[in-house]
Structure formats: C-alpha cells, structure tokens
Amino acid sequence: MSLKEQITEDMKNAMRAKDTGKLGTIRLLTAAMKQKEVDERIELTDAHILAILEKMVKQRKDSISQFEAGQRQDLADIEKAELAVLATYLPTPLSEAEINAAITAAIAEINAAGPQDMGKVMAILKAKLAGKADMTQVSSLVKAALSK
C-alpha cells in the first residue's frame, strides 16, 4: 500500500470514528498533496509525500516553540496533536550512529577534502536520508566531519 493510499484509508477511518482532530490534520495533509499535484501537474510518489510531511512537521515544531514562548499553551497543544498525527506517516528516524555512518560513507564516496565539498556530500545524503533524519542536524554533523 502506497503512502497516499494509506493516508486516504486513514481519513476514511477517522471519518467513521468521528475523530475530528485526526480528520482535520489528515485533510490538511491531503489538501497540501492535491495542491502540489495541481501546481506541478504530477502524480505524487511516496518521496514527494514525505517531502510534504517533513515540511508540515517542521512548521508544527516552529509553531509549538512560538506558541510556548508566547504563553499560549492551548494553541501549542493543538499543534502537538497535529504533529503526532503527521509523525505516524514518517519512517522511523535513524539513530545518530546510523547518520554518522551514512555521512562517513558519503564523504568517502566522493573523496571530500574539506568544507568546500559540503554541497556535494549533502546532495548525496539528502537522497539517502530524506524523511529519516533531521537534515539540519545532518548538516551540522557533515560540517563538523569536513572541518577535521
């Protein structure tokens, strides 16, 4: 079952269960998916959907930190609930050891010499780690590895 089919099936189940919180979040996700399909005139693959999910998760995390800084715990709780629903569609995140192993392999693959090769290394890692790791964390680890 593709990710798109799973999301559609979960939306139907949320409707049947009258789970308005989950249903609303899934509808936001399907709207974002439809928007990308219409804008780019493409049929979404799982990779496209993962990119949309990552963007939505990042938005929720930013919103949570902003709401908590503004003493709006009620709104932060809503965002946390949406984040929990979106996270169910993401693959399990890699451990830091697995990320470091991927970084070492990518550096060896292109024989990266220093910080000037960071873009090439990140291009390889983005393809391999999409949806499985926080790319800002990966970027800082690559920068540290190339600075040695």
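These figures come from a predicted structure and were not determined experimentally.

Asker: Tell me about the overall build of the protein chain, and please be specific about residues and values.
Answerer: Scanning the protein chain for helices and strands turns up 7 helices and 0 strands. The linear arrangement of helices and strands in the protein chain, starting from the amino end, is α-α-α-α-α-α-α. For the protein chain, the proportion of contacts with a sequence separation of at least 24, taken over those separated by at least 6, is 52%. Of the roughly 9200 Å² that the protein chain leaves accessible, carbon and sulfur atoms contribute 56%. Mean positive and mean negative side-chain charge positions of the protein chain (21 and 21 charges, respectively) differ by 2 Å.

Asker: Can you lay out the side chain of Thr 30 for me, pointing to particular residues and giving the numbers?
Answerer: For Thr 30, the location among the structural elements is in helix H2 (residues 20–40). In this view, Thr 30 contacts Ile 7 and Met 11; residues no more than four positions away in its chain are not counted.

Asker: Give me the packing of helix H3 (residues 46–69) against helix H4 (residues 73–87): which residues, what numbers.
Answerer: One way to put it is that H3 packs onto H4 with a least axis distance of 9 Å and a crossing angle of 160°. As the angle between them shows, H3 and H4 are arranged roughly antiparallel. In terms of crossing hand, the pair formed by H3 and H4 is left-handed. Contact residues: H3 offers Leu 53, Met 56, Val 57, Arg 60, Lys 61, Ser 63, Ile 64, Phe 67 and Glu 68, while H4 offers Gln 73, Leu 75, Ala 76, Glu 79, Lys 80, Glu 82, Leu 83 and Leu 86. Residues that form the contact of H3 with H4 fall into these classes: 9 nonpolar, 2 polar and 6 charged.

Asker: Before we move on, can you summarise helix H7 (residues 135–147) with the specific residues and values?
Answerer: Since one α-helical turn is 3.6 residues long, residues separated by three or four positions face the same way. Compared with an ideal rise of 1.5 Å per residue, which puts 13 residues at 18 Å, H7 spans 18 Å between its outermost C-alpha atoms and is within 8% of the ideal. By the burial criterion, the buried members of H7 are Val 138, Leu 141, Val 142 and Leu 146. Each buried residue of H7 sits inside an arc of 130° when the element is viewed along its axis, so together they form one side. Opposite its buried face, H7 presents the exposed residues Thr 136, Lys 143 and Ser 147, each directed more than 90 degrees away. Elements that come into contact with the buried residues of H7 comprise helix H5 (96–110) and helix H6 (118–129).

Asker: Could you give me a rundown of the pattern of salt bridges, with the residues and numbers involved?
Answerer: Enumeration over the complete set of coordinates arrives at 10 salt bridges. Among the salt bridges present, the one from Arg 60 reaches Glu 82, with a minimum N-O distance of 2.6 Å. Taken together, the residues Arg 60 in helix H3 and Glu 82 in helix H4 connect sequence positions 22 residues apart. Just as Arg 60 is buried, Glu 82 falls in that class too. The residue Arg 72 makes a salt bridge to Asp 74 at a minimum N-O spacing of 3.1 Å. One network of salt bridges, in which partners are shared, links Lys 4, Glu 37 and Glu 43.

Asker: Lay out the layout of surface pockets in plain terms, naming residues and giving numbers.
Answerer: The calculated volume of the largest pocket comes to roughly 540 Å³. In terms of lining residues, the largest pocket is bounded by 20 residues, among which Glu 54, Val 57, Lys 61, Ala 133 and Asp 134 are the most central. Looking at the lining of the largest pocket, the elements with two or more residues in it are H3 and H7. Looking at which element gives the most residues to the lining of the largest pocket, the answer is H3, with 6 residues. Here the lining of the largest pocket is built from residues that sort into 9 nonpolar, 4 polar and 7 charged.

Calculation criteria
- Residues numbered from 1 in each chain as written.
- Predicted model: local features only at pLDDT ≥ 70, side-chain atom pairs only at ≥ 80, totals over all residues.
- Heavy atoms only, no water.
- Helix = DSSP H or I, 4+ residues; strand = E, 2+ residues; numbered from the N terminus.
- Contact = heavy atoms within 4.5 Å.
- Areas by Shrake-Rupley, 256 points an atom, 1.4 Å probe, with all protein chains shown as cover.
- Lys, Arg positive; Asp, Glu negative; His and termini not counted.
- Charge placed at Lys NZ, Arg CZ, Asp CG, Glu CD.
- Axes fitted to C-alpha atoms, helices over the stretch in contact; angles between N-to-C directions.
- Parallel < 35°, antiparallel > 145°, perpendicular 65-115°, else oblique.
- Left-handed = near helix turned anticlockwise from the far one by under 90°.
- Nonpolar A, V, L, I, M, F, W, Y, C, P; charged D, E, K, R; others polar.
- Expected span 1.5 Å × (residues − 1).
- Buried < 20%, exposed > 50% of the residue type's maximum accessible area, 1.4 Å probe, protein only.
- Arc of directions from axis to C-beta.
- Salt bridge = Lys/Arg side-chain N within 4 Å of Asp/Glu carboxyl O.
- 1 Å grid on protein atoms, 1.4 Å probe; cavity = no way out; pocket = protein on both sides within 12 Å on 5 of 7 lines; lining within 4 Å.
- Points joined across faces, edges and corners; volume = space filled by probe spheres on them.

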